[in-house]
Amino acid sequence: MKKVNIALIGFGTIGTGVVKALAGKRLFIKKKRGLELELVRIADKDLRTKRPVKVSRKKLTKKAGDILNDPNIDIVIELIGGIHPAKEFVIKALESGKHVVTANKALLAACGKEIFKVAKKCGVTVRFEASVGGGIPVVKALSGDFVANRIQAVYGIINGTSNYILTKMEEEGETFNGALKKAKGLGIAESNPTLDINGMDSAHKLAILSLLGFGRYVDVGDIFTEGIQSVELQDIQYAKELGYSIKLLAIAKKDEGKLDVRVHPTLLTTKHLLAGVRGAQNAIYIKGDMIGESLLYGEGAGEKATSSAIISDVTDIAEAVAAGKKMIMPEMNFDSGVSGIKGIGRVKSRYYIRFMAMDKPGVLAGISGILAKYKISISSVSQKERNKEHAVPIVMLTHEAIEMDLRKALGQINKLNSISGKPVAIRMEMR
Ligand code: HSE
């Protein structure tokens, strides 16, 4: 049985998980797939920190070059995250004829096109199942199992931290900061959770899903992205009273020949399959012309789920290496019938809107008059309580409207004397 030599760059939390899993599953994989996976080298700039796994000192190095220049290494697992120096390490590994397995969504979202091109040129491959929804085989599903499908839409809850916070707010009336603190305490949120909360982690993952589903390299800058930082508890509660849950949704769908691609808090009816995804769990809902609807659900992050995805990629590559076969990077872009990105201003959506208004005669008429001017039709309206002294919340749901029209209408409503504070608008997704 040919041994396949693997090396790891990045010995952090996930790296430690991969080392543990490769050791713990070694025999199991040998029996199951007839493969000898040998972790021969680990590089990390910090070798002082104690890790909860035993590794022979000889395997450790501070220099990634010791791996990249070693002709005996077949597969490099990159787990350092971020763009630099991860990009340089990945490219060097590919140019040295090594296959690469990575969980680095930020890197692939920013430089995937360039990296895949190098892999193709060098006759090797890059695998990245762990980059989106660790425990969910969505990369394989979109690129392999669903290959015969024309994908119409992909909707994902793909950031566990945001989903945990929103769930705590909805189910326990927790404040945003309180829920974030708990997420950090449980190790769900990153120590710096900025990218989780501002939606960028979801946007990076959505760029990858868009490539897999629609064959387009989408620039993250072209993905309209709003995080959950300004979602207020009162809106979660009002939405719940109306039969909706607020989720941070990553959306990529075909619309009028364009790709509508965005990340933002979204009202979903509680009957929607994704509305039941609670806590730190992730789920991706895919519509294709042959499968109809498919829902993939599971752990999005975490040491074990992510290591499982990494070992799956490593095993696939190792099978080819052991058999002496080439594993060439497939072409990632294809013609899915979409030309260009749909700008957010042109997007059509239903909206949840909340105004803080004085409880006086004519206030509702003023608001609805402006909405009517922009052809925005109200589907329901409720005033939450009566208070002569202070502004009270008026909550509306609209029928489908064009975002640009809604923005103009809200701008005008905001100028009314009877309105205090900025109106809140949250998009709704019905399908
Ligand atoms: N921090 C991410 C999350 C996991 O909360 O889902 C890594 O992408």
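**What to know about the pattern of salt bridges**
Point 1. One pass over the structure, following the stated rule, counts 29 salt bridges.
Point 2. With its nearest N and O atoms 3.0 Å apart, the salt bridge here joins Glu-303 to Lys-20. Of the two residues, Glu-303 sits in helix H12 (residues 303–322) while Lys-20 sits in helix H1 (residues 13–24), which places them 283 residues apart along the sequence.
Point 3. Residues Arg-33 and Asp-316 are paired through a salt bridge, measuring 3.5 Å at the closest nitrogen-oxygen approach. Remark: Asp-316 occurs in helix H12 and Arg-33 occurs in helix H2 (residues 26–33); sequence separation between them is 283 residues.
Point 4. Residue classification places Arg-33 among the partly exposed positions, given a relative accessible area of 37%.
Point 5. Note on Asp-316: relative accessible area 17%, which makes it buried.
Point 6. Taken together, the shared-partner salt bridges in this structure form one network comprising Arg-33, Arg-127, Lys-140, Asp-313, Asp-316 and Glu-319.

**Details of the site of the ligand**
Point 1. Every residue lining the ligand is accounted for by Lys-105, Asn-159, Gly-160, Thr-161, Glu-190, Asp-196, Asp-201, Lys-205 and Ala-301.
Point 2. Contacts to the ligand include Lys-105, whose side-chain N or O atom sits 2.6 Å from an oxygen atom.
Point 3. A total of 260 Å² of accessible area belongs to the ligand in isolation, and the protein chains cover 91% of it.
Point 4. A majority-of-atoms criterion places the ligand in the largest pocket.
Point 5. At the level of elements, helix H7 (160–172) and helix H10 (200–214) are the ones that each hand at least two residues to the shell around the ligand.

**Here we look at the layout of surface pockets**
Point 1. Approximately 1200 Å³ is the volume attributed to the largest pocket.
Point 2. Ile-14, Lys-105, Glu-190, Asp-201 and Ala-301 are, among the 43 residues lining the largest pocket, the residues nearest its centre.
Point 3. Among the secondary structure elements, those contributing two or more residues to the lining of the largest pocket are H1, helix H5 (105–122), H7, helix H9 (194–197), H10, strand E11 (281–288) and H12.
Point 4. The class makeup of the residues in the lining of the largest pocket is 13 nonpolar, 22 polar and eight charged.
Point 5. Counting residues domain by domain, the lining of the largest pocket receives three or more from each of domain 1 (3–137 + 303–322) and domain 2 (146–299).

**A word on the domain arrangement of the chain**
Point 1. Split into domains, the chain comes out as domain 1 (3–137 + 303–322), domain 2 (146–299) and domain 3 (347–429).
Point 2. With centres defined by C-alpha atoms, the gap from domain 1 to domain 3 works out at 51 Å.

**Digging into the state of the cysteines**
Point 1. This model, assessed by the stated rule, comprises zero disulfides.
Point 2. A disulfide-free cysteine, Cys-111 has its sulfur positioned 16 Å from the sulfur of Cys-122, the nearest such atom.
Point 3. According to the relative accessible area criterion, Cys-111 is buried, its value standing at 10%.
Point 4. Overall, Cys-122 belongs to the partly exposed group, its relative accessible area being 25%.

**Considerations on the sheet that holds strand E2 (residues 36–43)**
Point 1. Within the open sheet, the six strands sit side by side as E3-E2-E1-E4-E5-E6. Their pairing is parallel. Taken across any chain shown, the strands that pair with only one partner, and hence form the sheet edges, are strand E3 (60–61) and strand E6 (126–127).
Point 2. Here strand E1 (residues 3–9) runs beside E2; their pairing, made up of seven bridges, is parallel. In the strand pairing of E2, Asn-5 is matched with Glu-38.

**Focus on H10**
Point 1. The terminal C-alpha atoms of H10 lie 20 Å apart, and with 15 residues this matches the ideal 21 Å at 1.5 Å per residue to within 8%.
Point 2. Most of H10 sits inside the fold, with 14 of its 15 residues counted as buried.
Point 3. At the C-terminal side of H10, Gly-215 shows a positive phi close to 65°.

**Quick look at the packing of H7 against helix H8 (residues 176–185)**
Two numbers describe a pair of packed helices, the interaxial angle and the distance between the axes.
Point 1. Interhelical geometry of H7 versus H8 gives an angle of 125° and a closest axis separation of 9 Å. Relative to H8, the element H7 is oriented oblique. Between H7 and H8 the crossing geometry is right-handed. Contact with H7, carried on its side by Tyr-164, Ile-165, Lys-168, Met-169 and Glu-172, involves Phe-176, Ala-179, Leu-180, Lys-182 and Ala-183 of H8 and no other residues of that element.
Point 2. Residue composition of the contact of H7 with H8, by class: seven nonpolar, no polar and three charged.

**Some remarks on the packing of aromatic side chains**
Point 1. Enumeration according to the criterion identifies two aromatic pairs in this entry.
Point 2. Pairing Phe-116 with Phe-128 gives two aromatic rings, centres 5.5 Å apart and planes at 25°, and the pair type is stacked. Here Phe-116 is found in helix H5, whereas its partner Phe-128 is found in the loop between E6 and helix H6 (138–145), with twelve residues between them in sequence.
Point 3. Overall, Phe-128 belongs to the buried group, its relative accessible area being 5%.
Point 4. Their ring planes at 45° and their centres at 5.8 Å tell us that Tyr-155 and Tyr-285 sit as a pair that is tilted. Residue Tyr-155 is found in strand E7 (residues 151–157), and its partner Tyr-285 is found in strand E11; the two are separated by 130 residues along the sequence. Per residue, the accessibility class of Tyr-155 equals that of Tyr-285, and both read buried.
Point 5. We note Lys-25 situated over the ring of Phe-28; from NZ or CZ to the ring centre the distance is 5.3 Å.

Cut-offs used in this document
Residues numbered from 1 in each chain as written. Predicted model: local features only at pLDDT ≥ 70, side-chain atom pairs only at ≥ 80, totals over all residues. Heavy atoms only, no water. Salt bridge = Lys/Arg side-chain N within 4 Å of Asp/Glu carboxyl O. Helix = DSSP H or I, 4+ residues; strand = E, 2+ residues; numbered from the N terminus. Buried < 20%, exposed > 50% of the residue type's maximum accessible area, 1.4 Å probe, protein only. Near = heavy atom within 4 Å. Polar contact = N/O pair within 3.5 Å; in protein donor to acceptor, adjacent residues only side chain to side chain. Areas by Shrake-Rupley, 256 points an atom, 1.4 Å probe, with all protein chains shown as cover. 1 Å grid on protein atoms, 1.4 Å probe; cavity = no way out; pocket = protein on both sides within 12 Å on 5 of 7 lines; lining within 4 Å. Sits in = over half its atoms within 2 Å of the grid points. Points joined across faces, edges and corners; volume = space filled by probe spheres on them. Nonpolar A, V, L, I, M, F, W, Y, C, P; charged D, E, K, R; others polar. Domains from an automatic or database assignment. Disulfide = S-S within 2.5 Å. Pairing = 2+ DSSP bridges. Expected span 1.5 Å × (residues − 1). Axes fitted to C-alpha atoms, helices over the stretch in contact; angles between N-to-C directions. Parallel < 35°, antiparallel > 145°, perpendicular 65-115°, else oblique. Left-handed = near helix turned anticlockwise from the far one by under 90°. Contact = heavy atoms within 4.5 Å. Phe/Tyr/Trp six-rings, centres within 6.5 Å; stacked < 30°, edge-to-face > 60°. Lys NZ or Arg CZ within 6 Å of the ring centre and 35° of its normal.

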